[in-house]
Amino acid sequence: MKATEGKIGRVFVVRLEDGDVLPDCLEKFAKEKSIQCGHVILVGGIGGGEVVAGPRRSDEIPPDPVYMPVKGAYEVVGVGVIAPDKDGNPVLHIHASLGRGENVLTGCLRPGVTTWLVAEAIIYEITGVNAQRLPDDKSGFDLLEV
Amino acid sequence: MKATEGKIGRVFVVRLEDGDVLPDCLEKFAKEKSIQCGHVILVGGIGGGEVVAGPRRSDEIPPDPVYMPVKGAYEVVGVGVIAPDKDGNPVLHIHASLGRGENVLTGCLRPGVTTWLVAEAIIYEITGVNAQRLPDDKSGFDLLEV
Amino acid sequence: MKATEGKIGRVFVVRLEDGDVLPDCLEKFAKEKSIQCGHVILVGGIGGGEVVAGPRRSDEIPPDPVYMPVKGAYEVVGVGVIAPDKDGNPVLHIHASLGRGENVLTGCLRPGVTTWLVAEAIIYEITGVNAQRLPDDKSGFDLLEV
């Protein structure tokens, strides 16, 4: 376990429109606002896309992701962390739980999901931290380094 | 996507008692404390009520909500956004995932759910933002405008 | 419902390593950093351990917890509250939703779960609040008192 200490900076309350693609639109916004590191919460509707829900085999590295399609409109609650990649672009790692009747999916929104009707997000800027997402050869992912 | 910028204000750590109804009790508290906008996290037990888990038909506007009853005591983790309605009353839009053994529900707590034994919440006041929940004729919901 | 008012203090962005046990490692970190009260968010992978998902019987006090084993690697999204116990040690009460393909578990991480590959956490220190986890004879749990 490693940690880096910082402070809260700006706070943004965000309204997402029907069709807005996550996490892309929040990453674009973070770049426009020069948010390097931060925390995101998400409350709203998701109407399509895919969620990564674990690796196919738990003991295989690099992992082979299980993609679950989002079929129909789901309620979503999510939490994520923004940190810059090696080129300084803010990358949002956001996990969420999605529900539609008895169907529930919990996973990573990385492949891209689409806002259904409306979603609300809050972005907290975290300043003064030393954090970056750097390529990890073993897993094939960009992993947070602090 | 639209956004409004603000700052963190007061922070409240809240203990909910058995039987306290969500989101009502947190909205009443927000009103008493003159919290207009904010962010809520919820960790605890839920023993009854209903959750909205998506619309019956994903392509029908206005949506016909699917109400899922909460039968028995569930663990809950939730995240929400407070913003005032057109009359200036703080309204909490909170989504959560609830688990009881193999049963999981993820949805919106708007219809009202009841605290089982105990729950903990944190309320972050967000000041300086321009956000409001205004009636949307098309969907029939109050939607966040920023 | 009872509440105590405070402010945001330090913020820590944390990288958890494969095998790190939650909530233990974050409680140890909180103690090292003299964080008494706080808020934690968690995004990452979980590869083992157990989750408490409700009581066996909803109307029985003290409750008999339902332990659900975590079999294989799951995606996780969690939120928790740190408050000191009667001896002043920070205790993290964290609930999370875990997903692996169609399998979803939502519950309390108290029995201990193990990080798979990587996880990210943010810890917000909350200062100036009067909150403690004290033994409750009836339920047999330490409950948050504010």
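Residues numbered from 1 in each chain as written. Chains lettered and ligands numbered in written order. Predicted model: local features only at pLDDT ≥ 70, side-chain atom pairs only at ≥ 80, totals over all residues. Heavy atoms only, no water.

Draft legend 1. Structural detail: the interface of chain C and chain A. Counting residues at the interface gives 36 residues for chain C and 42 residues for chain A. A buried area of about 3200 Å², summed over both sides, lies between chain C and chain A, and 67% of it is on carbon and sulfur atoms. Three residues, V13, R15 and E120 of chain C, lead the burial of chain C against chain A; their summed loss comes to 22% of the area buried on that side. In this structure, the connection of chain C to chain A is made through 3 salt bridges. Close ionic contact of R15 of chain C with E145 of chain A constitutes a salt bridge, the shortest N to O distance being 3.1 Å. At the surface where chain C touches chain A, the tally comes to 19 residue pairs in polar contact (both at pLDDT 80 or more). (Contact = heavy atoms within 4.5 Å. Buried area = accessible area lost by both parts, 1.4 Å probe. Salt bridge = Lys/Arg side-chain N within 4 Å of Asp/Glu carboxyl O. Polar contact = N/O pair within 3.5 Å; in protein donor to acceptor, adjacent residues only side chain to side chain.)

Draft legend 2. Spatial organisation of the pairing of strand β4 (residues 65–69) of chain A. Residues and elements named next belong to chain A. Where burial is concerned, the two faces of β4 differ: the one with V66 and M68 is buried and the one with P65, Y67 and P69 is not. Note that strand β3 (residues 38–55) and β4 share 4 bridges and pair antiparallel. Counted as the bridge partner of V52 is Y67 from β4. (Buried < 20%, exposed > 50% of the residue type's maximum accessible area, 1.4 Å probe, protein only. Helix = DSSP H or I, 4+ residues; strand = E, 2+ residues; numbered from the N terminus. Pairing = 2+ DSSP bridges.)

Draft legend 3. Structural context of the nonpolar core. Core analysis: the biggest nonpolar cluster contains 45 residues, and I122 and I126 of chain B together with I122 and I126 of chain C have the highest contact counts within it. Beyond its immediate stretch of four places on either side in the chain, I126 of chain B contacts V11, V13, I122 and Y124 of chain A together with K7, C37, G38 and H39 of chain B. (Core = buried A, V, L, I, M, F, W, Y, C linked by side-chain atoms within 4.5 Å.)

Draft legend 4. Structural view of unusual backbone geometry. In this chain, L22 of chain B is followed by P23 of chain B through a cis amide linkage whose omega measures 0 degrees. Position of P23 of chain B relative to the elements: it lies in the loop between β2 (21–22) and α1 (24–32). Backbone torsion omega between I61 of chain C and P62 of chain C reads 0 degrees, so that peptide bond is classified as cis. Following the sequence through the fold, P62 of chain C ends up in the loop between β3 (38–55) and β4 (65–69). Positioned with a positive phi, S34 of chain C is a non-glycine residue whose angle comes to about 55 degrees. With respect to the helices and strands, the residue S34 of chain C is situated in the loop between α1 (24–32) and β3.

Draft legend 5. How the structure looks around the side chain of D20 of chain C. Summarising the element assignment, D20 of chain C is placed in the loop between β1 (2–17) and β2 (21–22). Within the buried core, D20 of chain C has no salt-bridge partner, and the shortest N-O distance to an opposite charge, that of R15 of chain C, equals 7.3 Å. Polar contacts involving the side chain of D20 of chain C include one to the main-chain amide nitrogen of E17 of chain C, which spans 2.8 Å. Other than its neighbours up to four places away in sequence, D20 of chain C contacts M1 of chain A together with C25, V113, T114 and T115 of chain C. (Lys, Arg positive; Asp, Glu negative; His and termini not counted.)

Draft legend 6. The relation of the copies chain A and chain B, seen in detail. Once chain A is rotated about the relating axis by 120 degrees and shifted along it by 0.0 Å, it coincides with chain B to within an RMSD of 0.0 Å. The transformation just described matches what one would write down for a three-fold rotation axis. When the interface residues of chain A are mapped onto chain B, a mere 17% of them again lie at the interface, so each copy presents a different face. (Least-squares fit on C-alpha atoms with pLDDT ≥ 70 in both.)

Draft legend 7. Looking closely at empty space enclosed by the protein. Counted under the stated rule, the structure contains 2 cavities of 30 Å³ or more. Counted as a void, the largest cavity has a volume near 80 Å³. Listing elements by their share of the lining of the largest cavity, those giving two or more residues are β5 (74–84) of chain A, β5 (74–84) of chain B together with β5 (74–84) of chain C. Size it by volume and the second largest cavity reaches roughly 40 Å³. In terms of lining residues, the second largest cavity is bounded by I8, H39 and Y124 of chain A, I8, H39 and Y124 of chain B together with I8, H39 and Y124 of chain C. Tallied by class, residues from the lining of the second largest cavity come to 6 nonpolar, 3 polar and no charged. (1 Å grid on protein atoms, 1.4 Å probe; cavity = no way out; pocket = protein on both sides within 12 Å on 5 of 7 lines; lining within 4 Å. Points joined across faces, edges and corners; volume = space filled by probe spheres on them. Nonpolar A, V, L, I, M, F, W, Y, C, P; charged D, E, K, R; others polar.)

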